[in-house]
Every structure is written in C-alpha cells, then in structure tokens.
Amino acid sequence: MMKKFSFLMMIIIFVMVFPGKGQAASGHSNIYLDGTELVLATNAKIETIQNNVMIPVRVVVENLGFKVAWDKNNQSVTINNDSTVIHLVVNNKSGYVNGSKVTLPIGPALKTDTVLVPIRFVSEQLGLQVNWDNASKKVYLISSDTGSGKPETKPEPTPELALINSLSYSDNRLMISTTGSIEPKVSVMTSPNRIVIDIPYAKFSETFGTSQQLDSNLQGSFHVVGYPDLDQVRYSLYNNSPSTVRIVMDLNYAKNYTVYAEGSLLFVALNTSDTSNPGTSVGGNGKKIAVIDAGHGNQDPGAIGVTGKKEKAFNLAVALKVDQLLKKEPKIDGVLTRSNDIFLELKERVKIANDLKADVFISIHANSSGSSAATGTETYYKNDRSKALANVMHKYLVRATGFKDRGVRYGNFHVIRETNMAAVLLEAGYLSNKQDEAGLFTESLQNRVAQGIVDGIKEYLGLN
Ligand SMILES: [Zn+2]
C-alpha cells in the first residue's frame, strides 16, 4: 500500500507544480503503472500502429525516475538514469541501450509532439511487466521492486505468487503446469464460445513468460491441429492486483468441460463423445499413461540440419502425430509435455511425467555430429528399469526410419535420469547428415516413426 500511496503523492505534487498542464491532462491516459493511472502532460494517447500498441515513452520513464532529452534536429530521444542510457530515433527500428544495439518491432513514432514506443520495447528494455487489455484499450505496467529509481520506501512484502510454467494441449485437454498452490476460477463465456481460466496470485515463470513467447501486445496464443473443438489457446497476464494469469480456450462450438488436478498439473478437459474417456483424471479407468516429450523448443532449436532445418520442429511434428494416434488407443492416456513451439526446462518435463506417475516417458530428438558422415538411429536409456522399454522402442524406431542401426545405448541425459518411470530418449537420425535430414523431414518418415512409437509403447505395456 505504501508504494501506491507514495506514487499518488508524486502525481499530486506534479499537478500542483504544473497546474496548467495538470488541467490539460484531465482526460484518461489509460496507462496504469503499478495500479495507478498515469497523468499525461499532453493529449498524447495510446495508439495502435501496424498492429503494435504504442505508448508515450516520456510519461512512463519519467515516472520510473529516468530523465528524457528530445533532440529535435536529429529526431532522437535519450532516456537515462544512473545506470542506463537508451537512445532512440523516430521511425528507426534500431536503438541503443548502454551502447548495445537493440531492435524494436517498429520504430518510435512522433505524434502530437510526443514520441510513442511499442509496449514490447518497454517490457524488454525497462524490465516492466506489461499487459495490454485489448477490450478496454488499457496498458498495465508493473515495475519491479528494485532498480526502478523511483523514490520508494521499503518494498512491501508481497504474497508468494504461483508460477505458470507451461501449457500443452493433447488428448483433448489443456494441461497447465504450475509451481505453488493455485485457486483457478474457470468460467464459460459465449459469442464467441470460450472457456476462461483465471489464476489469481500467479504469474508466468521466467522461462515461459519471457517476451519472446508473447506477441507485440504481450499476449501469447497457439493453435493445435487435429482438435476440431478448439480454435486456439490464448494466455496473458490479465491483471496486476492481484497478479492474475488468464488462459482462454477459444472454442469452435459450445462444449462441456471438466477440471481436475494431478499434482501440480491443472487439466481442463473438453468432454468428448468417447464414453471410454470420461475425462475425470489422467490414467482413469485403469488406462496407462504415456508422456511424450518433444525435445527443445522456441529459443532452443536443438540440432540444426545441413540445410538449416531445426530439430525442435521435427521433434514437435512427430509428438503431435503420436498424440493423434494415442487418442484412438482406448487403454492409453497420452500427454505431451509441449504441443507447440514453447520452451520448457528439462526439470519441467520431468516434473510433468513424475506428477502424472506416468508408465512410460518417451523423449523425441534428432542428433547431430561434427562428421557429416555420421548417420543412423539410436535409443538411449539411463536406468536399468528402462532397458526393456529401450529395446522395444528401438526395434520399432529403426524399422520406421530405415536408417543405419546404431543400437540401444546408455546415456546420462537429465530427462531419462530424473524421471521415476521407464524412460527413453530417441535419436531418430542425424540432422548433420544430408540423407538423414532429408528423410527426417518427410511426412512419410514422421508418420512411420509416430506409428512405431505407439506400437512400441503398446508392446512394452502388453496392450497388443
Ligand atoms: Zn535434441
């Protein structure tokens, strides 16, 4: 509360010292910093330019304790405090922060004597959490408690926020992986049909919430192929008091849903017509649980092929095909650690499998070597309990790729070491080899590998 109070005081002082400007600014800026609406000295306002939400930079940074200097001749702005110097030029995507070049999604714009910058720049370079509420056209900025340069008193102890680590959609249900206790509020909205999951006292984890996974409006979304009920999943930091993560499942039709938790995993399942899958728990009705892990993702491409193809894309494509095949298996519940191009830490992948008490864990990868001659298929296991699974999976994998058989191998990889169940890591082929790379990115090979993975899981679990 002290924080908001002292900030309010600043605004009151500002209005008293500059009464004329204060009157001119009686309109709404729609920019909130730590819960308080900013007062604009001019009639500058939020604008959307080429799909980028742009905000007047001066009022924001001045309230964070920066000085702003405008050079009219060069059309440039210099923003600085004791530790940071930011230099921007109107209409120029390139800027400098402490002498290092940075690239903006769109160059700063000059409107009504005010320089507007994309909100994404504010989040990336000033370290603010930014949330754009498109419906109300309001920007919520949340400053960190340290290094803001604001004339702060001691920061208030804040309640420990739960973390949203990852989102994945498979087997017609959304999986939200969290750290800390959460009390989600799930509701249905219509026109358009959607399920809204609000998680108060939560924020995105460092790895998931980095702005690279959010668009220029600081929201993220993904589509999932093969699920006609679901249009897309959207996520954003929806509110700042309390910090609330909102996840929206945009539906193509009105659907019933079931919500349940497995350890730190929250599931929102769309009810299917398949009565064998009532969707009340993962592994219900005696089903076996197979966690399918597409290696790497987002900023971590994995191996890069000879023609530049990325391992993360191969891994995900196969995992999605496995999910579609497992959907048809009445005795297996399949769960993907990721269903789109997001990044998960290794320990996060392990936690998903361990929380679910999965029966098998299959991590999908492709390999790379310094020698372009290296070619073929390998299967790795770490613990003795995984050896039988490795043997079965390798048999099907080699058959599916048709590549050289490089054998079942021992490997000390994190995801197969730290998981509590039978776990293997598949290296389907070598992206550093021209023939392997070409084959791995064909639809037919990916289909065969996906089918081989499902056949191997079934044989290992005795479900044939
Ligand atoms: Zn890999």
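Residues numbered from 1 in each chain as written. Predicted model: local features only at pLDDT ≥ 70, side-chain atom pairs only at ≥ 80, totals over all residues. Heavy atoms only, no water.

Trainee: Just to check I follow, could you spell out the coordination of the zinc ion for this structure?
Mentor: Geometry sets the ideal angles at a metal, namely 109.5 degrees for four tetrahedral donors and 90 or 180 degrees for six octahedral donors. Coordination of the zinc ion by the protein is provided by H296 (NE2), E311 (OE), E311 (OE) and H365 (ND1), with metal-donor distances spanning 2.1 to 2.8 Å. Between the 4 donor atoms coordinating the zinc ion, the angles at the centre fall across 51 to 143°, so the site counts as irregular. Coordination of the zinc ion draws on donor residues from a single chain, spaced H-x14-E-x53-H in sequence. Placement of the pair is H296 in the loop between strand 24 (288–294) and helix 6 (311–327) and H365 in strand 26 (residues 360–367), with a sequence separation of 69 residues. (Donors = N, O, S within 2.8 Å, 3.2 Å for Na, K, Ca; no water. Tetrahedral: all angles 85-135°; square planar, octahedral: opposite > 155°, others 65-115°. Helix = DSSP H or I, 4+ residues; strand = E, 2+ residues; numbered from the N terminus.)

Trainee: Teacher, can you tell me more about the environment of P301 here?
Mentor: You can see P301 is positioned in the loop between strand 24 and helix 6. In this structure, the C-alpha to C-alpha distance between P301 and F343, residues 42 residues apart in sequence, is 9.5 Å. With residues up to four places along the chain from it excluded, the contact list for P301 reads H296, K310, E311 and K312. (Contact = heavy atoms within 4.5 Å.)

Trainee: Explain the confidence of the model for the protein here, please?
Mentor: Parts of the prediction with low pLDDT should not have their coordinates interpreted in detail. Residues of the protein with pLDDT of at least 70 account for 86%, and the chain-wide mean is 85. Ignoring residues within four places in sequence, the model shows residues 1–26, a span with pLDDT below 50, making 28 contacts including any to other chains. For the stretch residues 145–152, pLDDT sits under 50, and the model shows 15 contacts to residues farther than four places along the chain or on other chains. (pLDDT = per-residue confidence, 0-100.)

Trainee: Please clarify how the pattern of salt bridges should be interpreted in this entry.
Mentor: If charged atoms from side chains of opposite charge come close, those side chains can pair. Per the stated rule, a full pass over the model turns up 14 salt bridges. The partner of E443 in a salt bridge is K321, and the shortest N-O contact between them spans 2.6 Å. Of the two residues, E443 sits in helix 11 (residues 443–461) while K321 sits in helix 6, which places them 122 residues apart along the sequence. Here E459 makes a salt bridge to K395, at a shortest N to O gap of 3.0 Å. (Salt bridge = Lys/Arg side-chain N within 4 Å of Asp/Glu carboxyl O.)

Trainee: Would you take a moment to explain the sheet that holds strand 2 (residues 36–37) for this structure?
Mentor: Backbone hydrogen bonds are what pair the strands of a sheet, in a parallel or an antiparallel way. What the 4 strands build is an open sheet, ordered 2-1-13-12; its pairing is mixed. The open sheet terminates on both sides in strands that have one partner only, identified here as strand 2 and strand 12 (129–133). Two elements, strand 1 (residues 31–33) and strand 2, share 2 bridges in a ladder whose sense is antiparallel. Among the inter-strand pairings, L33 is bridged to a residue of strand 2, identified as T36. Each of strand 12 and strand 13 (138–142) touches helix 4 (residues 119–126); the most contacted strand, strand 12, lies at about 165° to it. (Pairing = 2+ DSSP bridges. Axes fitted to C-alpha atoms, helices over the stretch in contact; angles between N-to-C directions.)

Trainee: When you look at the environment of L128 in this model, what are you seeing that I'm missing?
Mentor: Position of L128 relative to the elements: it lies in the loop between helix 4 and strand 12. For L128 and D34, which are 94 residues apart along the polypeptide, the C-alpha to C-alpha distance reads 9.9 Å. Here L128 is in contact with V60, L64, V122, S123, L141, I142 and S143, once residues within four sequence places are set aside.

Trainee: What exactly am I supposed to notice about the nonpolar core here?
Mentor: Most often, soluble globular proteins have nonpolar side chains that are buried together. If you look at the biggest cluster of nonpolar residues, it comprises 50 residues, and the most contacted ones within it are L174, I197, I247 and M249. Of the residues forming this core, the biggest block, 6 residues, is contributed by strand 23 (residues 265–270). Beyond its immediate stretch of four places on either side in the chain, I247 contacts L167, L174, I176, I195, V196, I197, I199, V233, R234 and Y235. By size, the runner-up hydrophobic cluster in this structure holds 38 residues, among which are L325, Y381, L426 and L431. (Core = buried A, V, L, I, M, F, W, Y, C linked by side-chain atoms within 4.5 Å. Buried < 20%, exposed > 50% of the residue type's maximum accessible area, 1.4 Å probe, protein only.)

Trainee: Can you help me understand the packing of aromatic side chains in this one?
Mentor: The geometry of an aromatic ring pair comes down to the distance between the two centres and the angle between the two planes. The tally for this structure, following the rule as stated, stands at 6 aromatic pairs. With a centroid separation of 5.0 Å and 85° between ring planes, the pair formed by Y169 and Y227 is classed as edge-to-face. Separated by 58 residues along the polypeptide, Y169 in strand 14 (residues 162–170) and Y227 in the loop between strand 19 (219–222) and strand 20 (230–240) bring together distant segments of the chain. With relative accessibility at 4%, the residue Y227 sits in the buried group. Taken together, a centroid distance of 6.3 Å and an interplanar angle of 85° make the contact between Y381 and Y410 edge-to-face. Here Y410 lies in strand 28 (residues 405–410) and Y381 lies in strand 27 (residues 377–381), a separation of 29 residues in the sequence. Residue classification places Y381 among the buried positions, given a relative accessible area of 11%. Against the face of Y238 rests R246, its NZ or CZ located 3.7 Å from the ring centre. Note that K309 overlies the ring of F441, its terminal NZ or CZ placed 5.8 Å from the centroid. (Phe/Tyr/Trp six-rings, centres within 6.5 Å; stacked < 30°, edge-to-face > 60°. Lys NZ or Arg CZ within 6 Å of the ring centre and 35° of its normal.)

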